[in-house]
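# Examination of the molecular architecture
Single-letter residue listing:
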Amino acid sequence: MTTVKTENKQREAVIVIRDLKISFGDLHVLRGVDLDLYQGENLVVLGRSGTGKSVLIKIIAGLLQPDQGTVKVLGQDVDQLNSRELDALRLKIGFSFQSSALYDSMTVRENLEFPLIRNVRNLSRSDIDKAVEEALADVGLSQTINQMPSELSGGQRKRIGIARTLILKPQIMLYDEPTAGLDPITSTEINNLINEVKERHNTSSIIITHDLTCAKTVGDRIAMLLDGRFERQGTFEEVFEDSNDERAKQFYEYNFVN
Ligand SMILES: Nc1ncnc2c1ncn2[C@@H]1O[C@H](COP(=O)(O)OP(=O)(O)O)[C@@H](O)[C@H]1O
Ligand SMILES: [Mg+2]
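Not measured: the values here are computed from a predicted model.

## What to know about the pattern of salt bridges
A pair can form between side chains of opposite charge whenever their charged atoms are brought close. Following the criterion strictly, the structure yields twelve salt bridges and no others. Across the pair glutamate 41 and arginine 221 runs a salt bridge, and its minimum N-O distance is 2.8 Å. One end of the pair, glutamate 41, is in the loop between β3 (27–38) and β4 (42–46); the other, arginine 221, is in strand β10 (residues 221–226), with 180 residues separating them in the sequence. According to the relative accessible area criterion, glutamate 41 is buried, its value standing at 5%. Its salt-bridge partner being aspartate 138, residue arginine 200 comes within 2.7 Å of it at the nearest N-O pair.

## Focus on helix α1 (residues 53–60)
The buried fraction of α1 is high, at six of eight residues. Two residues or fewer past α1, glycine 62 is found with a positive phi of approximately 75 degrees.

## Comments concerning the pairing of β10
Within β10, six of the six residues are buried, which leaves the element mostly enclosed by the surrounding structure. Residues Arg221, Ala223 and Leu225 line one face of β10 and the alternating positions Ile222, Met224 and Leu226 line the opposite face, and both faces are buried. Across four bridges, β4 lies against β10 in parallel orientation. Along β10, the bridge assignment pairs leucine 46 with methionine 224. Sheet topology places β10 next to strand β11 (residues 229–234); five bridges connect them, and they run antiparallel. If you follow leucine 226 over to β11, its bridge partner there is arginine 229. Between β10 and β11, which follow one another and run antiparallel, lie two residues, and aspartate 227 among them has a positive phi close to 50 degrees.

## Focus on the packing of aromatic side chains
Evaluated as defined, the whole model comprises three aromatic pairs. Plain terms: the ring middles of phenylalanine 95 and phenylalanine 97 are 5.2 Å apart, the flat faces sit at 55 degrees to each other, and that makes the pair tilted. Residues phenylalanine 236 and phenylalanine 240 carry aromatic rings whose centres are separated by 4.9 Å and whose planes lie at 40 degrees to one another, so their mutual orientation is tilted. With phenylalanine 236 and phenylalanine 240 both in helix α8 (residues 236–241) and four residues apart, the pair spans about one turn of that helix. For the pair phenylalanine 236 and phenylalanine 240, one class covers both residues: buried. The residue whose ring lies beneath arginine 11 is tyrosine 38, and the NZ or CZ to ring-centre distance is 4.1 Å.

## A few points about the site of ligand 1
All residues in the neighbourhood of ligand 1 are listed as Phe24, Leu27, Val29, Arg48, Ser49, Gly50, Thr51, Gly52, Lys53, Ser54 and Val55. A distance of 2.7 Å separates an oxygen atom of ligand 1 from a polar atom in the backbone of glycine 50. In this structure, valine 55 approaches ligand 1 through a main-chain N or O atom, which is 2.9 Å from an oxygen atom. In the complex, the protein chains occlude 59% of the 560 Å² of accessible area that ligand 1 would expose alone.

## Section: the sheet that holds strand β8 (residues 172–176)
With mixed pairing, six strands are arranged side by side in an open sheet as β7-β8-β9-β4-β10-β11. Each having just a single partner strand, β7 (93–96) and β11 make up the two edges of the open sheet. Neighbour-to-neighbour, the strand axes of this sheet turn through a mean angle of 20 degrees, independent of strand direction. The pairing of β4 with strand β9 (residues 204–209) spans five bridges and is classified as parallel. By the bridge assignment for β9, leucine 46 is matched with threonine 209. Helix α6 (residues 184–201) contacts β4, β8 and β9 of the sheet and is inclined by roughly 145 degrees relative to β4.

## Some details on the nonpolar core
Membership of the largest hydrophobic core comes to 36 residues, with the highest contact counts inside it found for Leu112, Leu136 and Ile160. Counting residues per element, this core draws most heavily on helix α4 (residues 125–138), at five residues. Not counting chain neighbours up to four residues away, the residues in contact with leucine 112 comprise Val132, Ala135, Leu136, Ile160, Ala163, Arg164 and Ile167.

## Focus on the environment of arginine 125
Take arginine 125: it is sitting in helix α4. Note on arginine 125: relative accessible area 45%, which makes it partly exposed. Setting aside chain neighbours within four positions, we find arginine 125 in contact with Arg109 and Glu113. Side-chain polar atoms of arginine 125 contact the side chain of glutamate 113, separated by 2.5 Å.

The rules behind these values
- Residues numbered from 1 in each chain as written.
- Chains lettered and ligands numbered in written order.
- Predicted model: local features only at pLDDT ≥ 70, side-chain atom pairs only at ≥ 80, totals over all residues.
- Heavy atoms only, no water.
- Salt bridge = Lys/Arg side-chain N within 4 Å of Asp/Glu carboxyl O.
- Helix = DSSP H or I, 4+ residues; strand = E, 2+ residues; numbered from the N terminus.
- Buried < 20%, exposed > 50% of the residue type's maximum accessible area, 1.4 Å probe, protein only.
- Pairing = 2+ DSSP bridges.
- Phe/Tyr/Trp six-rings, centres within 6.5 Å; stacked < 30°, edge-to-face > 60°.
- Lys NZ or Arg CZ within 6 Å of the ring centre and 35° of its normal.
- Near = heavy atom within 4 Å.
- Polar contact = N/O pair within 3.5 Å; in protein donor to acceptor, adjacent residues only side chain to side chain.
- Areas by Shrake-Rupley, 256 points an atom, 1.4 Å probe, with all protein chains shown as cover.
- Axes fitted to C-alpha atoms, helices over the stretch in contact; angles between N-to-C directions.
- Contact = heavy atoms within 4.5 Å.
- Core = buried A, V, L, I, M, F, W, Y, C linked by side-chain atoms within 4.5 Å.

Here it is, written out as structure tokens:
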């Protein structure tokens, strides 16, 4: 596993991406992406719509094949894994995708049990109950255990979706637009939850967003995707302080002014 030395402390990279390229026909989406995710950090990927953010996390998860470049996740080269190894690796990654909806016909408890029963063998009834209770407590929704998704608010459903991911105790979390379509109060709840997950479980996360409040609240580090590459990386202040920088200005105007 790659380790780099920063500020006199060794930081272990859990995801290492080098020279990643992918095109769809004439559309060159990722044009040489380099990115590291370090153990225990929240890395925000900012970029306007259609820049390839979702494509990037699909490649990390082995759901899409890049044209060129390497992606190492937890020391394993995703490209080199057979399907069994890829399944094992995916169990260490939690996905909170825009599309990851709950099963409407199942209770909250059943929704949470589902990934556990499907992926972990030989669990006793009490193991399952304990895991469900812990995951629900993690997202502050213990009281909803017997409710149906239709009885919950949008923000609660989102949190249950995250609990369903946390139940498998992932080492890495990938959040795709976690606050999209949520009102400001609910967005704040989700942002706080993303920070709590990191603090409680020492999870390493990539948070994809174009919500600046989300980026500022959860991001230990921000990487800005522009024209198929990560042009700027740093803390929120570092990325946005230099307002004379043409590329930062261009990005800001694209996303947040118009
Ligand atoms: N499987 C695919 N086939 C063809 N084009 C795709 C595919 N997946 C994504 N794209 C295109 O790649 C670009 C980046 O998509 P995406 O990563 O979803 O953007 P976003 O940054 O908004 O998440 C878009 O123009 C999209 O239409
Ligand atoms: Mg997307």
